[in-house]
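# Remarks on the overall topology
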Number of protein chains: 2
Amino acid sequence: MPTALIHHRLTVDLKSQAYPILIGESLLQDDALLAQFIDGHQVMVVSQQPIASHYLHYLSASLKKYHVDHFIFKAGEQYKTVDQWEKLLVAMLRHKHDRSTTLIALGGGVVGDLTGFAAACFMRGINYLQIPTTLIAQVDAAVGGKTAVNHPLGKNLIGAFHHPKAVLIDVQTLSTLPPREFIAGLAEAIKYGLIMDEAFFAWIESNLQSILAKDAATLLTLIQRCLALKASLVSEDEKDMGRRSLLNFGHTFGHALEAHGEYKTLIHGEAVAIGMLMAAEVSHRLNHLSTAHLARIKKLIYHCGLGRWVGERPSADTLIAFMQQDKKNKQHKLVLILLQRLGEAYKAVDVPVDLLTRAIACVDL
Amino acid sequence: MPTALIHHRLTVDLKSQAYPILIGESLLQDDALLAQFIDGHQVMVVSQQPIASHYLHYLSASLKKYHVDHFIFKAGEQYKTVDQWEKLLVAMLRHKHDRSTTLIALGGGVVGDLTGFAAACFMRGINYLQIPTTLIAQVDAAVGGKTAVNHPLGKNLIGAFHHPKAVLIDVQTLSTLPPREFIAGLAEAIKYGLIMDEAFFAWIESNLQSILAKDAATLLTLIQRCLALKASLVSEDEKDMGRRSLLNFGHTFGHALEAHGEYKTLIHGEAVAIGMLMAAEVSHRLNHLSTAHLARIKKLIYHCGLGRWVGERPSADTLIAFMQQDKKNKQHKLVLILLQRLGEAYKAVDVPVDLLTRAIACVDL
């Protein structure tokens, strides 16, 4: 049934293609809407538990006119591997999917990244749809064509750029999202304000109660504002060679924190939140960020319930060693995204290590 | 030392990038030439035996100013697998290669396809150079950005489009190519004449003795004419959605023949040669190809030493069943590339199965 309420429509505009982002309610239940983005007769839905139990039946009911197969796996980032990716590809081959098949990623970042990478490599590239069901995937991972799996030597080291045919964001799926994951997703939302939109940062400050209460209208606006910023960066710099790298604000620190905890202590958004506190502290010590702005950043992050350490905290030296292994570091030089001011980021090379060490050490968790 | 003699220079012109094809002699020995296509400080050379023993020392001498690692594996198509691809990626990670690394594929189609697919997926895509050393890779596989590995369920089922930074063709590498592989490469050269250039077909007929004697000047012209045709098709249709599919002439039959022999009896070019005979026979029976032209095609293929069966010949029905599994067949419909006339191909859907059966059965091997 065509029941979708589409509140916002954005476009990712690339050199060789363009694709829509639809943000609204009841999108999963709308067969006519889904049909717009499915070319062939075959569909493979990829999902993880418990998302599949919550939402797969809506999607299945809307896909009745297609031949639909499923690839459902257990919850957890530990399944974002070459092995699981190969299992998905083999399942598609065994079920005789061909080049006209559409993959549908129904889930969070793990499902989206794995599905996108399978779509990138199945018979040299097929269509896929992103239906992100976590806040972090809705405001970030599902848009931009970055697909990947992890390797024991690092996250997202094996992957490809492969854009979806469409991104369908149904805010109703956030109702079942565990609070810890919802809060972690806010870190990425705050990031957009910090790096490129001071007014949006202020909007989050003013609307934090409604956001934390998961008010639908507020969440629709939150997601729309994040993705308008992301779509502009991706359209400008598809392959992450220039300005798109500003999205890594807090991430070099965050990845190092995740790696140090062997991906078992902090979840991604939590690590990014701490990373943003560290990056803000460094920006302040480089005389870019005022004391008042640094205080506002800390306050917002703490008020969300973010910026709290879990497990054993690494020393600044240990963290810097992990950071130097990050894949964004060309020829092992440490490149950091820092704030020029609240609402503007820049790429910094050769930040003095002693300043970095002191800044990291003084971040209060 | 800058010693290369570059006889021909072509360009593959895509929407988002363009890259050169250089055809000449002593290209491997030219450090300045190679340096034009290497951005960072790190290089990973991928090769197979015995090519590595023959030519790696030339390349190594020309790459002295880079940090060079090697990934050398044994001869054989059986290494074109997900497993070997992952081994290459892990070797790159262990040797601390980063996004600025350049991969160099020194070898035939197996090396080129595996290296290209690794370049497509290492940290979401890095640069690579194609240095094809077999005739079939020089006239076909190294140009066009098709990368892949095989799967037990079919060839090239897992892969990506990822174009090289440059294709460097040194005809001197053909001197060590085993005669069987050299001859098999001629099948793809003949294909270009058949599908889009009658004059080139006639040129091959007239120059067959010089070609078979591996006369350098003749080979340079042969390769240049093949790649000028291929570059035009790839530039026009990067992702193989339209006219580029004409390059599959003989290939649906050929893939089925290879699969039936479990990839142990016929090598690719040999299978394609038989496939072209079958496709020509079908084209003739559909009243497109004249008796005289069919005779010329047969004569040239047989004079090359191609079009001969090895092992147990499958029945026409068995072959058609294999063909229906080919990945080019959307929704299991059999799509064939046939000849409209000598020098012009077209895409045929729904060729009557009984006509196909009779045509296959009557091809004399």
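Residues numbered from 1 in each chain as written. Chains lettered and ligands numbered in written order. Predicted model: local features only at pLDDT ≥ 70, side-chain atom pairs only at ≥ 80, totals over all residues.

Counting its secondary structure elements, chain A contains 14 helices and 11 strands. Taking 2.2 N^0.38 as the reference for a compact globule, 365 residues should give roughly 21 Å; the C-alpha atoms of chain A span a radius of gyration of 20 Å, in line with that estimate. Counting across all 365 residues of chain A, residues that qualify as buried make up 52%. Considering only residue pairs separated by 6 or more positions, chain A has 75% of its internal contacts joining residues 24 or more positions apart. (Helix = DSSP H or I, 4+ residues; strand = E, 2+ residues; numbered from the N terminus. Rg over C-alpha atoms; globule rule 2.2 N^0.38 Å. Buried ≥ 20, exposed ≤ 12 C-beta atoms within 10 Å, placed from the backbone. Contact = placed C-beta atoms within 7 Å.)

Here we come to the sheet that holds strand β2 (residues 18-25) of chain B. All names here are of chain B. Reading across from one edge, β1-β2-β9-β6-β5-β3-β4 is the order of the 7 strands in this open sheet, with mixed pairing throughout. Of all the strands in the sheet, just β1 (5-13) and β4 (67-73) have a single pairing partner and so form its edges. Direction aside, the axes of adjacent strands within the sheet are offset by 15 degrees on average. For β2 and strand β9 (residues 166-170), the ladder comprises 4 bridges, and the chain directions are parallel. Paired with I23 across the bridge in β9 is I169. Docked against the sheet, helix α2 (residues 51-62) engages β3 (42-48), β4 and β5 (102-107), running at close to 160 degrees with respect to β3. The strands touched by helix α9 (residues 216-236) are β1, β2 and β9; relative to β1, the strand with the most contacts, the crossing angle is about 15 degrees. (Pairing = 2+ DSSP bridges. Axes fitted to C-alpha atoms, helices over the stretch in contact; angles between N-to-C directions.)

Attention now moves to the domain arrangement of chain A. Residues and elements named next belong to chain A. Here chain A is partitioned into domain 1 (5-176) and domain 2 (179-362). Spacing between the C-alpha centres of domain 1 and domain 2 amounts to 26 Å. Every contact between the two is made by 26 residues of domain 1 and, on the other side, 27 residues of domain 2. Those elements that provide at least two residues to the side of domain 1 that touches domain 2 are β1 (5-13), β2 (18-25), α5 (135-141) and β8 (154-161). With 6 residues, β1 is the single largest residue contributor to the side of domain 1 that touches domain 2. Partitioned by chemical class, the residues of the side of domain 1 that touches domain 2 number 14 nonpolar, 7 polar and 5 charged. (Domains from an automatic or database assignment. Nonpolar A, V, L, I, M, F, W, Y, C, P; charged D, E, K, R; others polar.)

When chain B is fitted to chain A, the residual RMSD is 0.0 Å, and the transformation amounts to a turn of 180 degrees plus an axial shift of 0.0 Å. Look at the turn and shift together and you get a two-fold axis relating the two. When the interface residues of chain B are mapped onto chain A, 100% of them are again interface residues, pointing to one common binding face. (Least-squares fit on C-alpha atoms with pLDDT ≥ 70 in both.)

Quick look at the sheet that holds β2 of chain A now. Residue and element names in this part refer to chain A. Taking strand neighbours across the sheet as the criterion, the 7 strands line up as β1-β2-β9-β6-β5-β3-β4 in an open arrangement whose pairing is mixed. The sheet is open, and its two borders are formed by β1 and β4 (67-73), each paired with just one other strand. For this sheet, the mean angle separating the axes of adjacent strands, direction not counted, is 15 degrees. Bridge analysis of β1 against β2 gives 8 bridges, and the strand direction is antiparallel.

For the rest of this paragraph, the subject is the confidence of the model for chain A. Scored by pLDDT, chain A comes out at a mean of 94, with 98% of its residues at no less than 70. For this predicted complex, the interface confidence score (ipTM) comes to 0.92, while the overall pTM stands at 0.94. (pLDDT = per-residue confidence, 0-100.)

What follows concerns the interface of chain B and chain A. Taken together, the contacts link 29 residues of chain B with 29 residues of chain A. Counting only elements with at least two residues in the side of chain B that touches chain A, the list comes to α3 (82-94), α4 (109-121), β7 (146-151) and β8 (154-161) of chain B. A total of 5 residues in the side of chain B that touches chain A trace back to one element, the largest contributor, which is β8 of chain B. Looking at the side of chain B that touches chain A, its residues break down into 12 nonpolar, 9 polar and 8 charged.

All names here are of chain B. Counting buried positions along β7 yields 5 of 6 residues, so the element is predominantly enclosed. Direction of pairing for β7 relative to β8: antiparallel, over a ladder of 5 bridges. Note that in β8 the partner of A148 across the bridge is G159. Hairpin geometry of β7 and β8 is characterised by an intervening segment of 2 residues between the two adjacent antiparallel strands.

Another point: helix α7 (residues 198-206) of chain A. Residue and element names in this part refer to chain A. Those residues of α7 lying buried are F200, F201 and I204. Viewed end-on, α7 has its buried residues packed into an arc of 105 degrees, placing them on one side of the element. For α7, the exposed residues set more than 90 degrees away from the buried face come down to A199 and S206. Summarising the contacts, the buried residues of α7 are in contact with α6 (179-196), α8 (208-212), α9 (216-236) and α12 (291-304). (Arc of directions from axis to C-beta.)

Residues and elements named next belong to chain A. As a packed pair, α6 and helix α11 (residues 268-285) sit with axes 7 Å apart at the nearest point and diverge in direction by 40 degrees. Classed by the angle they form, the pair α6 and α11 counts as oblique. As for how α6 packs across α11, the hand of that crossing is left-handed. Contacts between α6 and α11 involve A184, G185, A187, E188, K191 and L194 from the former and H268, G269, E270, V272, A273 and M276 from the latter. (Parallel < 35°, antiparallel > 145°, perpendicular 65-115°, else oblique. Left-handed = near helix turned anticlockwise from the far one by under 90°.)

This next bit is on the packing of α6 of chain A against α9 of chain A. All names here are of chain A. In contact at an axis separation of 10 Å, α6 and α9 are set at 50 degrees when each is read in the N-to-C sense. Classified by the interaxial angle, the pair formed by α6 and α9 is oblique. As α6 packs across α9, the resulting crossing turns out to be left-handed. Side by side, α6 and α9 meet where A189, Y192 and M196 of the first sit next to L222, C226 and L229 of the second. For the contact of α6 with α9, the per-class residue count stands at 6 nonpolar, no polar and no charged.

This part is about the environment of R225 of chain A. Within the element layout of this structure, R225 of chain A appears in helix α9. When the C-alpha positions of R225 of chain A and F200 of chain A are compared, they lie 7.5 Å apart, and in sequence the two are 25 residues distant.

A few words now on the environment of L289 of chain A. All names here are of chain A. Along the chain, the position of L289 falls in the loop between α11 and α12. For the pair L289 and L339, spaced 50 residues apart in the sequence, the C-alpha separation amounts to 6.7 Å. In this structure, L289 is in contact with A280, S283, H284, L294, L339, R341 and L342, ignoring residues within four places of it in sequence.

Relative to the 30 Å expected for 21 residues at 1.5 Å per residue, α9 of chain B spans 30 Å between its end C-alpha atoms, a close match to the ideal helical length. Every buried residue of α9 of chain B is listed here: L219, L222, I223, R225, C226, L227, L229, K230, A231, L233 and V234 of chain B. (Expected span 1.5 Å × (residues − 1).)

In this section: the nonpolar core. Among the nonpolar cores identified, the biggest contains 250 residues, and V46 of chain A together with V46 of chain B are the most heavily contacted of them. In contact with V46 of chain A, other than residues within four places in its own chain, are F71, L88, L103, I104, A105, L106, V111, L114 and T115 of chain A. (Core = buried A, V, L, I, M, F, W, Y, C linked by C-beta atoms within 7 Å.)

With that settled, consider the environment of A32 of chain A. If you trace the backbone, A32 of chain A turns up in helix α1 (residues 31-35). As a C-alpha pair, A32 of chain A and P2 of chain A span 30 residues in sequence and 5.8 Å in three-dimensional space.

Once that is clear, we can look at unusual backbone geometry. All names here are of chain A. Cis rather than trans, the peptide bond between Q49 and P50 has omega equal to 0 degrees. Positionally, P50 belongs in the loop between β3 (42-48) and α2 (51-62). A positive phi is found at K96, a non-glycine position, where the angle reads about 60 degrees. Here K96 lies in the loop between α3 (82-94) and β5 (102-107).

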